[in-house]
Amino acid sequence: MRRALTFTDMLFLSISGMIGSGWLFAALAGASYAGPASIISWMVAAVLFIFIGLSYAELGSILPFSGSLVRIDHYAHGSLSNYLLGWAYLIGTATTVSMEAEAIIMYTNSYFPYFSTPSGYLSTLGVAAAAALIALFTVIQVIGVNVFGKVNTAITIWKFIVPSLTVVLLLTLYFHPSNFTKYGGFTPLGLQAVFTAMVPSGIVWAYEGFRQALEYAGEAENPHRDVPLALILSILIVALLYIALEVAFIGGVNWGKIMLKGSNGEYAIPIKPGDWGNLVYSNWAGSPFYTELATSGVAVLAAFAVILLIDAWLSPAGTMGVYIGATARSLYGLSRQGYYPEIFSSLHRRFQTPWFSMVFTFILALLFLLPFPTWYQIVSISSTATVVNYLAGGSALVVLRRTAPELRRAYRVPLPWLIGLISFVSSSMLIYLTGWPSLGYVFLVTAFGLPLMILGYRDKLGLSLVEASAASLAYWVTLGLVMYLGLVSGLIGFSVYWTVFALTVIVTLLYLYYKTRGSYAAMEVASSSWFVGYMIVIGALSYVGSMGEGYLKYPWDYIAAIALSIIFFVMSVMQGFETKEIAEVKAKGVPVE
């Protein structure tokens, strides 16, 4: 690929990945889930992501590939666990493209009420408009990363200035300090809400864009230096902005201006002051900051609200473009590792971009857009699917320090065992905070991707086409029934369907291990057992914990989740080995791509 991105481009790609629709919606959603305590949610999430970022800062300086987030674990644990983690990540990035398109259309309700409702549900016309936007930015990405990188830098400057001005104007002209002390105080929904708010509100999702410096590493002029620096600096900059935005939004809430929907479908019922939980169902939900500014009665704020409508196009659009590229580069990376056909890694003859992967990304985004016609519905699945992949960072950091200590590291994280452990546990707790049944869906969909790898890797696994097809079909039918009869319809109990899920995945792994026994592929199968065990055990804990059936109360379920995360971290590190790929890098250097 063309190496055309400077440090500024890399930094702004990560910042742009974080400042998208998150700033437009997550402040209201955070307040809806935790009240004023959502400010603490942003702080806690920032700290967790800094530790996750530290792991990837070193890893990105070792293996600066395009699509590296779906490739790094391949160098530490081999193909199987890397594929499952990469599949989860692919789901997260594809859904993000859909979310950003939805965000743009949702904000148009304030001046063109045919695309969506005031609470943010897209109409059929709105879905079609969102699809057209995704198509437009797919074409822009195909044209070339050097073009998009420069355009994105300009857009990101705008994207940073507008929310910063929003903070200043609300804090100085329209601030109600009583919102932080009245109506149940600073933690009206309890201390636990600080943690449970992070995933469904979009707080976690808003920070996940830091990884864009990794996704575009293969196109950086100086990736070994610029990637780690861009990762950490972008998280710190954006964390300060998001915390300030939450303070400004909560301080600007005027309860007398917020309405809920009545039986006739009109938003005409005044919300009860302090009813934080219903903000997400109010007439403010479709365009939170715009509505707050436009209904303030302050002329300056009302005028600035018009600028916000412009930003409601530019901020999500810039991030959507970044994620179209990120998803395509994930497909490119999976193809380069041999999981998908070579056409996914084919480059456009003129523009040197993975054109087929971008077209496929467009199709994936449409598939997720149709069943989730509002930003608030899709954010939990998108957030968690992406964070599942982050488990690899802390583990791979420690494994590669052991198996490849001599590789060049432009950035070396101090105390790698400790940082790796904290990174893994941070990712794991963000996954656990998704709650049940959303986490069950994420784990099932993640496991659902295994047969694609079996079919693509069948020669290395010693399987004929007939064997691979039969095993894949049986696997898919079983998991499909588990999802429908268990999670969707509730016709069978948790103990039955989760046991069937666990046995299906375990038996499949044992079968693959038996077929590959004595070969290198058997090592890869064995090295993936930590992740399979993680999904089964953490999923079960989520069901019985405080965000599931509540058999294990808060904070004991959190303590159990942390303890289990430590155990699985140790398992993942112990199962890491010197893979063929890392041995080749040690012998020949990092391949040029």
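Being a predicted model, the structure only gives us computed values, none of them experimental.

So, how was this worked out
Residues numbered from 1 in each chain as written. Predicted model: local features only at pLDDT ≥ 70, side-chain atom pairs only at ≥ 80, totals over all residues. Heavy atoms only, no water. Helix = DSSP H or I, 4+ residues; strand = E, 2+ residues; numbered from the N terminus. Rg over C-alpha atoms; globule rule 2.2 N^0.38 Å. Buried < 20%, exposed > 50% of the residue type's maximum accessible area, 1.4 Å probe, protein only. Contact = heavy atoms within 4.5 Å. Polar contact = N/O pair within 3.5 Å; in protein donor to acceptor, adjacent residues only side chain to side chain. Patch = residues over 30% accessible without salt bridge, like charges linked within 9 Å, V, L, I, M, F, W, Y side chains within 5 Å. Areas by Shrake-Rupley, 256 points an atom, 1.4 Å probe, with all protein chains shown as cover. Salt bridge = Lys/Arg side-chain N within 4 Å of Asp/Glu carboxyl O. Phe/Tyr/Trp six-rings, centres within 6.5 Å; stacked < 30°, edge-to-face > 60°. Lys NZ or Arg CZ within 6 Å of the ring centre and 35° of its normal. Pairing = 2+ DSSP bridges. Axes fitted to C-alpha atoms, helices over the stretch in contact; angles between N-to-C directions. Parallel < 35°, antiparallel > 145°, perpendicular 65-115°, else oblique. Left-handed = near helix turned anticlockwise from the far one by under 90°. Nonpolar A, V, L, I, M, F, W, Y, C, P; charged D, E, K, R; others polar. pLDDT = per-residue confidence, 0-100.

1. Focus on the overall build of the chain
- Regarding its fold elements, the chain presents 24 helices and 2 strands.
- Here the chain has a C-alpha radius of gyration of 23 Å; the compact-globule value for 593 residues is 25 Å, and the two agree.
- Structurally, the chain occupies a C-alpha span of about 75 × 55 × 45 Å along its principal axes.
- Residue burial in the chain is summarised as follows: out of 593 residues, 61% are buried.
- Taking contacts inside the chain between residues at least 6 apart in sequence as the whole, the part at least 24 apart equals 81%.

2. Remarks on the side chain of Thr96
- Along the chain, the position of Thr96 falls in helix 5 (residues 79-107).
- A distance of 2.8 Å separates a polar side-chain atom of Thr96 from the backbone oxygen of Gly92.
- Leave out the neighbours within four places in its chain, and Thr96 touches Trp205, Tyr323 and Ser382.

3. Topic: a nonpolar patch on the surface
- On the surface, Tyr111, Phe112, Tyr114, Leu125 and Trp313 cluster together into a nonpolar patch covering about 530 Å² of accessible area.
- Look at Tyr114 and you get exposed, because its relative accessible area is 54%.

4. Let's talk about the packing of aromatic side chains
- Considering all chains together, one arrives at 40 aromatic pairs under this definition.
- Ring pairing ties together the aromatic residues Trp417, Phe424, Phe443, Trp530, Phe531, Tyr534, Phe568 and Phe569, which thus form one cluster.
- Lying across the ring of Tyr514, Arg517 places its NZ or CZ 4.1 Å from the centre.
- One cation-aromatic arrangement involves Lys580 over Tyr520; the distance from NZ or CZ to the ring centre is 4.5 Å.

5. Structural notes on the pairing of strand 2 (residues 267-270)
- In terms of strand pairing, strand 1 (residues 259-261) meets strand 2 through 3 bridges, oriented antiparallel. Each bridged residue has a counterpart across the sheet, and for Lys261 the counterpart in strand 2 is Tyr267.
- Taken together, strand 1 and the strand that follows it, strand 2, pair antiparallel across an intervening segment of 5 residues, in which Gly265 is found at a positive phi of about 90°.

6. As for unusual backbone geometry
- Pro437 follows Trp436 through a cis peptide bond whose omega is 10°.
- Mapped onto the elements of the fold, Pro437 is located in the loop between helix 16 (416-432) and helix 17 (438-448).
- A positive phi is found at Leu415, a non-glycine position, where the angle reads about 50°.
- The class for Leu415 is exposed, based on a relative accessible area of 58%.

7. Description of the packing of helix 6 (residues 124-143) against helix 14 (residues 355-369)
- Direction vectors running N to C along helix 6 and helix 14 enclose 165°, while the axes themselves pass 10 Å from each other. By the angle class used here, helix 6 and helix 14 are roughly antiparallel. As for how helix 6 packs across helix 14, the hand of that crossing is right-handed. Along its contact with helix 6, which presents Val127, Ala130, Ala131, Ile134, Ala135, Thr138, Gln141 and Val142, the element helix 14 presents Trp355, Met358, Val359, Phe362, Ala365, Leu366 and Leu369.
- Its residues assigned to classes, the contact of helix 6 with helix 14 comprises 13 nonpolar, 2 polar and no charged.

8. Concerning the environment of Phe180
- In this structure, Phe180 sits in the loop between helix 7 (145-173) and helix 8 (193-196).
- Relative accessible area serves as the criterion here: at 14%, Phe180 is assigned to the buried category.

9. Description of the pattern of salt bridges
- For the coordinates displayed, the defined rule picks out 5 salt bridges.
- For Glu58, the salt bridge goes to Arg401, with nearest N and O atoms at 2.8 Å. Placement of Glu58 in helix 3 (residues 38-62) and of Arg401 in helix 15 (residues 375-403) is noted, with a sequence separation of 343 residues between them. Each member of the pair, Glu58 together with Arg401, is buried.
- Residue Glu58 pairs with Arg409 through a salt bridge whose shortest N-O separation is 2.8 Å. Here the residue Glu58 occupies a position in helix 3, and Arg409 occupies one in the loop between helix 15 and helix 16, the gap between them amounting to 351 residues. The exposure classification of Glu58 matches that of Arg409, with both residues buried.

10. Quick look at the confidence of the model for the chain
- Of all residues in the chain, 96% have pLDDT values of 70 or greater, and the mean over the chain is 88.
- When the elements of the chain are averaged for pLDDT, helix 10 (residues 212-215) gives the smallest value, 70, and helix 23 (residues 556-575) the largest, 98.

11. Some details on the packing of helix 15 against helix 23
- Interhelical geometry of helix 15 versus helix 23 gives an angle of 35° and a closest axis separation of 9 Å. Relative to helix 23, the crossing made by helix 15 is right-handed. Judged by residue contacts, Gly394, Ser395, Val398, Val399 and Arg402 of helix 15 engage Phe569, Ser572 and Val573 from helix 23.
- Looking at the contact of helix 15 with helix 23 residue by residue, the class counts come to 4 nonpolar, 3 polar and 1 charged.

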